[in-house]
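Chain and residue survey
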Amino acid sequence: MQSDLIGKIEKARRYAAEPDRVKFVELRANFNGGNSNHEVVLREGHWTCDCAFFQTWGTCAHVMAMQRMLNPMLDEEARQAELAIDASAEVSV
């Protein structure tokens, strides 16, 4: 019986080394931001955040941080930032 558990532990280690095996369908997280906590949600490839910046821009630092952390486990749609700006507008840096 113990050998069965050892086999499962080894299998779990192999799986953990391959995060692209996992794709999130839905995720809800509390994000401890610099000024306050925010709820970040991923549902069917689309992100939402309860911060004021997200309401205007369609993305925010909280969502972008989550995208970076979870990148291997996100489908292509969830990897993309959904900036609510005109794609033809020039952005100066």
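Residues numbered from 1 in each chain as written. Predicted model: local features only at pLDDT ≥ 70, side-chain atom pairs only at ≥ 80, totals over all residues. Heavy atoms only, no water.

Things to note about the nonpolar core
If you look at the biggest cluster of nonpolar residues, it comprises 16 residues, and the most contacted ones within it are Val40, Trp47, Cys49, Val63, Met66 and Leu70. Secondary structure elements with two or more residues in this core: β1 (26-32), β2 (37-43), β3 (46-49) and α3 (61-70). With sequence-adjacent residues up to four places away left out, valine 40 is seen in contact with Leu27, Arg28, Ala29, Phe31, Trp47, Thr48, Cys49, His62, Val63 and Met66. (Core = buried A, V, L, I, M, F, W, Y, C linked by side-chain atoms within 4.5 Å. Buried < 20%, exposed > 50% of the residue type's maximum accessible area, 1.4 Å probe, protein only. Helix = DSSP H or I, 4+ residues; strand = E, 2+ residues; numbered from the N terminus. Contact = heavy atoms within 4.5 Å.)

Topic: the pairing of β1
Only one face of β1 is buried, namely the one carrying Leu27, Ala29 and Phe31, since none of Glu26, Arg28, Asn30 and Asn32 on the opposite face is buried. Judged from the seven bridges that link them, β1 and β2 form a sheet pairing that is antiparallel. Residue arginine 28 lies in a different strand from β2, and its bridge partner there is valine 41. Hairpin remark: β1 followed by β2, antiparallel, with four residues in the connecting loop. (Pairing = 2+ DSSP bridges.)

Quick look at the pairing of β2
As paired strands, β2 and β3 are joined by four bridges and run antiparallel to one another. Each bridged residue has a counterpart across the sheet, and for valine 40 the counterpart in β3 is cysteine 49. The turn joining β2 and β3, which pair antiparallel and follow one another in sequence, is formed by two residues; a positive phi near 50° is taken by glutamate 44.

So, the confidence of the model for the protein
Taken as a whole, the protein shows an average pLDDT of 86; of its residues, 85% reach a score of 70 or greater. Within the protein, helix α4 (residues 76-79) has the poorest average pLDDT of any element, 88, and β2 the best, 97. In the predicted structure, residues 85-93 sits below a pLDDT of 50 and forms one contact with residues beyond four places in sequence or in another chain. (pLDDT = per-residue confidence, 0-100.)

A short note on the side chain of histidine 38
Relative to the elements of secondary structure, histidine 38 occurs in strand β2. At 3.4 Å, the side chain of histidine 38 forms a polar contact with the side chain of serine 36. In this structure the side chain of histidine 38 is engaged in a polar contact, spanning 3.1 Å, whose partner is the side chain of aspartate 50. With residues up to four places along the chain from it excluded, the contact list for histidine 38 reads Ala29, Asn30, Phe31, Cys49, Asp50, Cys51 and His62. (Polar contact = N/O pair within 3.5 Å; in protein donor to acceptor, adjacent residues only side chain to side chain.)

Some words on the packing of aromatic side chains
With the rule as written, the count across this model stands at one aromatic pair. Judged by centre distance (5.7 Å) and plane angle (15°), the ring pair of phenylalanine 53 and tryptophan 57 falls under stacked. Taken as a pair, phenylalanine 53 and tryptophan 57 lie in helix α2 (residues 52-57) at a separation of four residues, close to a single helical turn. (Phe/Tyr/Trp six-rings, centres within 6.5 Å; stacked < 30°, edge-to-face > 60°.)

Observations regarding the sheet that holds β2
If you walk across this open sheet you meet the three strands as β1-β2-β3, and the pairing is antiparallel. Bordering the open sheet on either side are β1 and β3, each of which pairs with just one other strand. If you compare each strand with its neighbour and ignore which way they point, the axes differ by 15° on average. (Axes fitted to C-alpha atoms, helices over the stretch in contact; angles between N-to-C directions.)

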